[in-house]
Amino acid sequence: MLRRDFCKLIAAAAAAKAIGASAQTGPTTNVVEPPGFNSLHQTFEEFCATPADKRVFYALVDGKIVQEKLDNATWKPTAWGDPPKLPIPGGSWDGVPMNAPIAGLNGTGPYQATWDSLLQYDAPEWYRDAKFGIWAHWSPQCVPEDGDWYARDMYIEGSQKYWYQLKHYGPQSRFGYKDLCPQWTLLNWDPDGLIQRYKNAGARIFFALANHHDGFDTWNSKHHQWNAMGIGPHRDVIGGWAAAARKHGLRFGVTVHQARNWWWFQTSHGADKRGPLAGVPYDGCMYTDKGEEQWWQGYNPQQLYNAKHPFNALPDASYVKNFYDRTRDLVDQHDPDVLYFDNPLFPLGWGGMNIGAYFYNHNLQTHGGKQEGVINIKNVPAHLVKAVVADYERGITSSIMPYAWQSETCIGQWHYLRALYDEPGVYGGYLPPRSVIHWLIDAVSKNGTFILNIPGKPDGTIDRKEIAVLDEITAWMKINGEAIYATRPWKVFGEGPSTGIGGAHRGTESIRGLGARDIRFTRNKANTVIYAIFLGWPSMGRAEITSLGTASKTNPGKIEHVTLLGTDAKVHWTQTPQALHVKLPPQPAAASDYGAALRISLA
């Protein structure tokens, strides 16, 4: 398991435990809050411009919220971020109160920033029909072509990425992540051509990364100067993706990961502990004044890296408001169909809850009063799943879920890793098409939608081994898409020796065990056709499907006709009390090695 996935798995388990039955609430003891806590008396830009020793922070200490100042002598960087519940009225989440310091952040419409209000939501029909999407998880972190979490790990002395950065770019005190940002050029980026390729592969939704934990916005952000219009591509990347997706008839989603920046990027404020530069601060210490006569003149690195703060500091209210403002600006400018948060529940207390309500209200206004929007969040307890589309990162479920849900994975790492391309074989170290197709089939059979990330290179292209994976998906979907699109789960998701292991970050392990003896079911919305999808070509072209026997507990009804998608050749079949017995025609195409779908018409 990758380090990043391990950290997320541990964080997800902790979050799930913390959420419990009363999500985003906490003790409501009436504690005395210190002056300025959860108060918007300055902007985040002003907060970042304040000298480090003058900033005021807040932390929960011995059950009380207290003011703190930065103490460099005892400072250490926070890790993933596991803030406590606060003993305040209304509760908290991510160390942020649920009660907003200002009103009106939810916009105009029926949705309020409460779970009770959000539970009136129903996932739109288009999303339930789409089933498959492609994601471009691109940011300046792909510049070194060294995989995930580069921006954070390059500042962890002794780590692989620390040494990579030192070898290729020089000391982190002189050349930091900010200096990688302009090298994300996208010089050869062809969004129209890429979207056409993804559409050919069967995608009905396209997702683009709006920002990662690294603090860089990939659109013409009005509330954050470190963005793709001003630095790097000098283009509105989100706008380019959105235009191409809509031109080709794909729904468009954006993914927001910025909330974790408060904790995640604190490593940039450290320094080497040994060697010739021991004690020399990394470039996270820099302010605007250090940029005079530099390429980044006028930019404040503090806004990219986030202000250096005590280990236990709670997110400042100005940071929460800036997160809200940036995300609202993203929604207002590009009107996405899907808004994805890389967080357990809505991030940052009142900030996340209000932007969730705002998105739903905004979508109603831009779609003539019809709710067409989708929000993805993670670790959603059962009593809240109706309010959103719950997301399982790199995971599946072990049963049919009552509401639409989403699974996503990557064919490699989330950010481009050249080492995977360099591995031998047609697909290198990437997830092979067989696994991708099995993941998709399994998710759809359980009421899910599947999203596949294709990480891109810093020039805006994808490599030929990624294309090889996509070409195989294209061939399979052209034959079998009927069994995927606009379908719904049948009475059972499948039969065979493998059921899958439910939960985030367990998908690869689950999919590995699937084979030709495993069958997954879908049905058309009229409930007149059942699709039985073999996850491989049955041995000798023969199979028995016990769930379709007339005496089965599923009570399938009488079968009228059976055909094999992709061929007009006759399927020989008999329905008995014990099973549907089939003898398939000769294997029609190489793609059926990954899966073959029977169309079973009911009388």
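The written sequence of each chain sets the order in which its residues are numbered from 1. Only residues with pLDDT of at least 70 are given local features in this predicted model, and only at 80 or more are side-chain atom pairs given and counted; all residues enter the totals for whole chains, interfaces and linings. Excluded from the side-chain calculations are hydrogens and water; all other atoms, namely the structure's heavy atoms, are used.

(A) View of the overall build of the chain. The numbering of helices and of strands both runs from the N terminus, where a helix is a DSSP run of H or I of at least 4 residues and a strand a run of E of at least 2. Helices and strands together make up the secondary structure of the chain, namely 17 helices and 21 strands. To get the radius of gyration, use the C-alpha atoms; to get the globule rule, take the number of residues to the power 0.38 and multiply by 2.2 Å. For 603 residues, the compact-globule estimate of 2.2 N^0.38 gives 25 Å, and the chain sits close to it at 25 Å. Taken over the C-alpha atoms alone, the chain extends approximately 80 × 55 × 40 Å along its principal axes. Each residue is assigned to one of three classes by its accessible area relative to the maximum for its type, calculated with a 1.4 Å probe on protein chains only: buried under 20%, partly exposed between the two thresholds, exposed over 50%. Within the chain, the proportion of its 603 residues that are buried is 60%. Within the chain, counting contacts between residues at least 6 apart in sequence, those at least 24 apart form 74% of the total. Only carbon and sulfur atoms are counted for the fraction: they give 52% of the accessible area of the chain, which is about 22300 Å². Each charge sign in the chain was given a centre, from 58 positive and 57 negative side chains, and these centres are 6 Å apart. In what follows, a contact means two residues having at least one pair of non-hydrogen atoms within 4.5 Å. We get accessible surface area from the Shrake-Rupley algorithm with a probe of 1.4 Å; when it comes to residues, only the shown protein chains can shield them. A residue counts as positive if it is Lys or Arg and as negative if it is Asp or Glu; His and the chain ends are not included. Every charge is mapped onto a representative atom, which is NZ of Lys, CZ of Arg, CG of Asp or CD of Glu.

(B) Quick look at the packing of aromatic side chains. A pair of Phe, Tyr and Trp rings is counted when the ring centres sit within 6.5 Å of each other, with Trp represented by its six-membered ring. The angle between the planes then sorts it: under 30 degrees is stacked, over 60 is edge-to-face, the rest tilted. One pass over the full model with this rule turns up 37 aromatic pairs. On the numbers, 5.5 Å between centres and 65° between planes, the contact of Phe-37 with Tyr-58 is edge-to-face. Pair noted here: Phe-37 is in the loop between α1 (3-19) and α2 (44-49) and Tyr-58 is in strand β1 (residues 57-61), with a separation of 21 residues, a long-range link. An identical accessibility class is assigned to Phe-37 and Tyr-58; each is buried. An angle of 65° between the planes, with centres 5.8 Å apart, marks the rings of Tyr-177 and Phe-265 as edge-to-face. With Tyr-177 in helix α7 (residues 177-180) and Phe-265 in the loop between α10 (261-264) and α11 (301-305), the pair connects residues that are 88 residues apart, well separated along the chain.

(C) Up close: the pattern of salt bridges. Each salt bridge in this description consists of a side-chain nitrogen of Lys or Arg and a carboxyl oxygen of Asp or Glu lying within 4 Å of one another. On inspection of all chains with the given rule, the structure shows 23 salt bridges. For Arg-488, the salt bridge goes to Glu-125, with nearest N and O atoms at 3.0 Å. With a gap of 363 residues between them, Arg-488 in strand β13 (residues 487-488) and Glu-125 in helix α4 (residues 125-130) connect regions that are remote in the sequence. A relative accessible area of 6% places Arg-488 in the buried class. Of the charged contacts in the structure, one is a salt bridge between Glu-125 and Lys-525, with a shortest N-O distance of 2.9 Å. Taken as a pair, Glu-125 in helix α4 and Lys-525 in the loop between β15 (519-524) and β16 (529-534) lie far apart in primary sequence, 400 residues in all.

(D) Spotlight on the pairing of strand β7 (residues 251-256). Of all 6 residues that make up β7, 5 are buried, and the element is covered over most of its length. With 6 bridges connecting them, strand β6 (residues 205-211) and β7 associate as parallel partners. Paired with Asn-211 across the strands is Val-256, a residue of β7. Orient the strands so they point away from the viewer, and a crossover whose first-strand-to-second-strand path over the helix runs clockwise is right-handed. Note on the crossover from β6 through helix α9 (residues 237-247) to β7: the handedness is right-handed. Paired strands, in this sense, are two strands between which DSSP finds at least two bridges.

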